[in-house]
Amino acid sequence: MIRRILALVKKEFLHLKGDWWLPAFMLFGGALELLAIGWATSRPITNLPMMIWDMDRTVASRNLVISLENTGVFTMTEPADSMAIIVDQMDRGKINAAVLIPHGFSQELESLGGEPVLQVILNGAESIPAREALRAVEGVVRSLDEKITIDHLGIDSEIFKGFDFSLRVWFNEALNDAFYTTPAELALMLEFTILLFAALTFSREKEFGTLEQLLVMPFSSLEIIIGKSIPVIMVGLIDFTLMLSLNSFAFHIPIRGSVLLLFTLAFMYILVELGKGMAISVFSKSQHQAFLLVFMVGMIDFLFTGYAAPVESMPKVIQYVSYLIPAHHWLNIMRGITLKGSTILDIMPSILYLLVLGGIIGFFSMRYIRKALD
Amino acid sequence: MLVLVTPTIVLLLMTYALAVDIQHVPIALVDYDQSATSRKFIQQITAGDDLDLFVNTRSIEEIEELLTRGKIKAAIIIGPSFSEDLLALRGLSLQIIIDGTEPETGGFAVDHIGWRAESFANDILADQILTSGIPLGSLQPIDLRIRSWYNPSLEPRVDLLPGLLSIVLGFPAFSVALTLAREHEHRTMEQLLATPITRIELLLGKIIPYILAGLVNVIVIPLIALAWFNVPFNGNFLEFLLLSVIFLFAELSMGMIIGVFMKSQSAALALSFLVVLFPGFFLTGIFFPIAALPEMARMESLFLPGTHYAIITRGVFLTGIGLDVLWPYAIMLIFLGLAFTGIAALFFKKKLA
């Protein structure tokens, strides 16, 4: 049996030999992409173009602008001298925010009981940078408020340091964005690689009409399935190893838990995705159809990796659906082991979910594939 | 069929799932002060829908365990001198711990706990000022008037839906790449070329059906956006249709290049993921603003049709601008489309010669 399976594995690799693009993408594509995208996006949001209309033109208003610049979030454009310019630049999407400092701002600021006004206009057409800009402006204004109050009250600033709390960030002390984004990007690339390769297994044979030849040979359906699985698992594991090393060496993401546990569970996860991919493969009539299905399934799964939005905050229905998505549990596991140093007990719920899902997916896809093969 | 419905289905799901409102963040509390002031503070912290008190404990170990298992996203530690420091205006003896593996939720918790703490401290300060008789209008003298244009409540789905359009309309590009690669894979390209159609005609013949499939989605999606998600459509629909055709031409030309170079469908799809899908997601300014990208990535984003189309869709849907403002992006898209088609045709000839 083992010799027959090995012969099948060899045959699968022979397919790849003719077209060296595919194995190259399979092995290195994901890793390279992870490197490029991780490098580009795992950084705080900075350089948002901001326009100032300073009608006050005093020391106080200039200091305010300097404080805004010092947050590092903004790049100041040419200052505005009319509302028309702000409207125009906003409409064109050239600026994310504008701050209007009205006449008499500093006067109101300095007088006891004065009411200084600041107007902030945000470009809501890009809500993510708009929220970031708002947060930065509010921070600047709040510390200015505090300073004014203390000045007015005549409290000794040596004694009163303001109402600041101390903040500690666990598992990610420097609040490095890469800690959060690259594991999700890794999961996305890994899933697509496995699904694509697994979907190829039977759909290609079907399209070329070679499946019948395979079936008349003295292989049992189980042997065929195992023979087709081994190359996918190998590619998946190599890919995972490559990307995980990149995460450690290029993005300095620690692995605080057990590496052995991580790889064991990665193996399990790869098997689950393999089952999904193979089911798609037998289900589809052509490679084109199989690939479009892979693509749709992969995109939907990506939503549950928490890349763009935390799953806990999604609508309730979607949260229930997330329990059915292997990638969701896998990310809990991976984030737990790498960032939090979770032990097997800490992540037991995710492991159990993954096992149950794997069991169900495996059972049905095996039955389905064997039925299709016999 | 799959080609026709995939973009709309994926867009709906994505908008629904990604446009979230963070609420009910589970937190834990340790109160070392155990005074009337600290209890009042705890009441204020948990008064809203934003933060849910998971447990009020006295053991740091328990907090550690809950954070590790992901049961809570943040913890508040009230120091033993909390009320004393506060009443003497010495500061705030308060520590906040957040789970740094989820910066989004953690940052939300910090902001919201911070606001509550600040207003709590300000109330105490105001009491003291009142008793001391200093005339002071307000503790937060600066009146910050914030207005958000085009999307007054800064709801993420309002700008995500038009932004994601550039991703889902890229799906037909995969099909273009796949059908071209299929001809190579099945060695039917030679037969096709034996017929009296020119190569450019052949390439255009391959993309036109998919441009049409994409256009069906361009018509359906704004309707769903309006009816289901309450996303406005302020621009001119005909201009939007025209700009969408130009975008589809540019985007599908990318698929054409891939299909010309790749000899198998699987390789074509893998390459499509690498050069169309993933960069489309991360480098076109939908989630991560272009301005914040490093210089080189910003240059690359200019060559992605999705970057220009995301500006167009947000402009047409939300800002309500038209061709008079958006023409530079249209020209850029036409240029990209022509360049990509040219490259595809050139290498197509070479490979077959």
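Rules and cut-offs
- Residues numbered from 1 in each chain as written.
- Chains lettered and ligands numbered in written order.
- Predicted model: local features only at pLDDT ≥ 70, side-chain atom pairs only at ≥ 80, totals over all residues.
- Helix = DSSP H or I, 4+ residues; strand = E, 2+ residues; numbered from the N terminus.
- Buried ≥ 20, exposed ≤ 12 C-beta atoms within 10 Å, placed from the backbone.
- Contact = placed C-beta atoms within 7 Å.
- Rg over C-alpha atoms; globule rule 2.2 N^0.38 Å.
- Expected span 1.5 Å × (residues − 1).
- Axes fitted to C-alpha atoms, helices over the stretch in contact; angles between N-to-C directions.
- Parallel < 35°, antiparallel > 145°, perpendicular 65-115°, else oblique.
- Left-handed = near helix turned anticlockwise from the far one by under 90°.
- Nonpolar A, V, L, I, M, F, W, Y, C, P; charged D, E, K, R; others polar.
- Pairing = 2+ DSSP bridges.
- Core = buried A, V, L, I, M, F, W, Y, C linked by C-beta atoms within 7 Å.
- Domains from an automatic or database assignment.
- pLDDT = per-residue confidence, 0-100.

Tell me about the overall build of chain A, and please be specific about residues and values.
Scanning chain A from N- to C-terminus turns up 14 helices and 5 strands. For chain A, the proportion of its 374 residues judged to be buried stands at 47%. If you take every contact in chain A between residues at least 6 apart in sequence, the share linking residues at least 24 apart comes to 81%.

Describe the overall build of chain B, listing the residues and the values that go with them.
Within chain B, the regular secondary structure consists of 14 helices and 5 strands. Against the compact-globule benchmark of 20 Å for 353 residues, chain B has a radius of gyration of 28 Å, which places it well outside the compact range. C-alpha extents for chain B along the principal axes are approximately 95 × 45 × 40 Å. Within the span of chain B, comprising 353 residues, buried residues form 49% of the whole. Excluding contacts between residues fewer than 6 apart, the proportion of contacts in chain B whose partners are at least 24 apart in sequence is 78%.

Summarise the environment of A:Pro349; cite the residues concerned and give the values.
By the secondary structure assignment, A:Pro349 is in helix 14 (residues 348-373). Separated by 17 residues in sequence, A:Pro349 and A:Asn332 have C-alpha atoms that sit 9.7 Å apart.

Lay out helix 14 of chain A in plain terms, naming residues and giving numbers.
All names here are of chain A. In a regular helix each residue adds 1.5 Å, so 26 residues correspond to 38 Å; helix 14 covers 36 Å between its end C-alpha atoms and thus fits that length. For helix 14, the complete set of buried residues consists of Ser 350, Ile 351, Tyr 353, Leu 354, Gly 358, Ile 361, Ser 365 and Ile 369. Of the surrounding elements, those touching the buried residues of helix 14 are helix 9 (221-249), helix 10 (259-283) and helix 13 (326-340).

Now, about the packing of helix 10 (residues 237-261) of chain B against helix 13 (residues 305-319) of chain B: what can you tell me, with residues and values included?
All names here are of chain B. Look at helix 10 against helix 13: their axes get within 10 Å of each other, and the N-to-C directions meet at 165 degrees. The orientation of helix 10 relative to helix 13 falls into the category roughly antiparallel. With respect to the hand of their crossing, helix 10 and helix 13 are arranged in left-handed fashion. In this structure, helix 10 uses Phe 240, Leu 243, Phe 247, Ala 250 and Glu 251 to contact helix 13, whose residues at the interface are Pro 305, Tyr 309, Ile 312 and Val 316. Across the contact of helix 10 with helix 13, the residue classes tally to 8 nonpolar, no polar and 1 charged.

Describe the pairing of strand 3 (residues 74-78) of chain B, and please don't skip the residues or the numbers.
Residue and element names in this part refer to chain B. The element strand 3 is largely enclosed, with a buried count of 5 among its 5 residues. What you see with strand 3 is no split at all: Ala 74, Ile 76 and Ile 78 on one side and Ala 75 and Ile 77 on the other are buried throughout. Sheet analysis places strand 1 (residues 25-31) next to strand 3, joined by 5 bridges and oriented parallel. The partner of Ala 28 across the bridge, within strand 3, is Ala 75.

Give a detailed account of the sheet that holds strand 2 (residues 51-57) of chain B, specifying residues and quantitative values.
A sheet is described by the order of its strands in space; here 5 strands give the open sequence 5(A)-4(B)-3(B)-1(B)-2(B), paired in mixed fashion. In this open sheet, the two edge strands, each paired with only one partner strand, are strand 5 (166-170) of chain A together with strand 2 of chain B. On average, adjacent strands in this sheet sit at an angle of 25 degrees to one another, irrespective of strand direction. The strands touched by helix 2 (residues 36-45) of chain B are strand 1, strand 2 and strand 3 of chain B; relative to strand 1 of chain B, the strand with the most contacts, the crossing angle is about 180 degrees. Contacts from helix 3 (residues 60-68) of chain B reach strand 5 of chain A together with strand 1, strand 2, strand 3 and strand 4 (94-99) of chain B within the one sheet, and its direction differs from that of strand 1 of chain B by about 165 degrees.

Give a detailed account of the nonpolar core, specifying residues and quantitative values.
Across soluble globular proteins, nonpolar side chains have a tendency to be buried as a group. Within the largest apolar cluster, 183 residues are counted, with the highest numbers of intra-cluster contacts made by A:Met50, A:Ala97, A:Ala98, A:Val99, A:Val294 and B:Met256. Setting aside residues up to four positions removed in sequence, A:Ala97 forms contacts with A:Leu48, A:Met50, A:Val120, A:Ile121, A:Leu122, A:Asn123, A:Ala130 and A:Ala133. Within the second largest apolar cluster, 29 residues are counted, among which are B:Leu51, B:Ile77, B:Phe82 and B:Ile97.

Just give me the short version of the sheet that holds strand 2 (residues 74-76) of chain A, but keep the residues and values in it.
Taken in spatial order, the 5 strands make up an open sheet running 2(A)-1(A)-3(A)-4(A)-5(B), and their pairing is mixed. The open sheet has two edge strands with one neighbour each: strand 2 of chain A together with strand 5 (143-149) of chain B. The sheet shows a mean angle of 25 degrees between the axes of neighbouring strands, direction not considered.

How would you summarise the interface of chain A and chain B if you had to cite specific residues and measurements?
With 94 residues of chain A at the contact, the number on the chain B side is 94 residues. Among the elements that make up the side of chain A that touches chain B, the one with the highest residue count is helix 6 (residues 127-153) of chain A (13 residues). The residue makeup of the side of chain A that touches chain B, split by class, is 55 nonpolar, 21 polar and 18 charged. Bridge analysis of strand 4 (residues 117-123) of chain A against strand 5 of chain B gives 7 bridges, and the strand direction is parallel. In the sheet register, A:Leu122 faces strand 5 of chain B, and the bridge partner there is B:Ser148.

Could you give an account of unusual backbone geometry, with specific residues and numbers?
Residues and elements named next belong to chain B. Positioned with a positive phi, His 24 is a non-glycine residue whose angle comes to about 50 degrees. Within the secondary structure, His 24 is located in the loop between helix 1 (2-18) and strand 1. A count of 11 C-beta atoms within 10 Å places His 24 in the exposed class. Phi is positive for Gln 34, which is not a glycine, with a value near 55 degrees. Structurally, Gln 34 can be placed in the loop between strand 1 and helix 2. Given 12 C-beta atoms within a 10 Å radius, Gln 34 is considered exposed.

Talk me through the packing of helix 7 (residues 177-208) of chain A against helix 13 of chain A; I want residue IDs and the actual numbers.
Residues and elements named next belong to chain A. At a closest axis distance of 10 Å, the pairing of helix 7 and helix 13 adopts a crossing angle of 135 degrees. By the angle class used here, helix 7 and helix 13 are oblique. Considering the relative orientation of helix 7 and helix 13, their crossing is right-handed. In this structure, helix 7 uses Phe 179, Pro 183, Ala 184, Ala 187 and Glu 191 to contact helix 13, whose residues at the interface are Ala 327, Trp 330, Leu 331, Met 334, Arg 335, Thr 338 and Leu 339. Across the contact of helix 7 with helix 13, the residue classes break down as 9 nonpolar, 1 polar and 2 charged.

Residue-level account of the environment of A:Ala36, with values.
Secondary-structure assignment places A:Ala36 in helix 2 (residues 21-41). For A:Ala36, a count of 18 C-beta atoms within 10 Å corresponds to the partly exposed category.

With reference to specific residues and values, describe the pairing of strand 4 of chain B.
Judged by how many residues are buried, strand 4 of chain B sits mostly within the fold: 5 of 6 residues are covered. Direction of pairing for strand 5 of chain A relative to strand 4 of chain B: parallel, over a ladder of 5 bridges. Each residue of the ladder has a partner; that of A:Trp170, found in strand 4 of chain B, is B:Asp99. Pairing of strand 3 of chain B with strand 4 of chain B, which is carried by 5 bridges, proceeds in the antiparallel orientation. From the neighbouring strand, B:Ile77 faces strand 4 of chain B, where its bridge partner is B:Gln95.

Any chance you could break down the domain arrangement of chain A for me, citing the residues and the numbers?
In terms of domains, chain A is made up of domain 1 (2-41 + 176-373) and domain 2 (48-153). For domain 1 of chain A and domain 2 of chain A, the distance between their C-alpha centres works out to 48 Å.

So what's going on with helix 13 of chain B? Residues and values would help.
All names here are of chain B. Across its 15 residues, helix 13 extends 20 Å between first and last C-alpha, which sits within 8% of the 21 Å expected from 1.5 Å per residue. With 15 of 15 residues buried, helix 13 is to be regarded as a mostly interior element. Positive phi appears at Gly 320, one or two residues downstream of helix 13, with a value of about 80 degrees.

Which residues make up the confidence of the model for chain B, and what values do they have?
In the predicted model, chain B carries a mean pLDDT of 87, and 96% of its residues have values of at least 70. The ipTM, which scores confidence in the relative placement of chains, is 0.84 for this predicted complex, and the corresponding pTM is 0.85.

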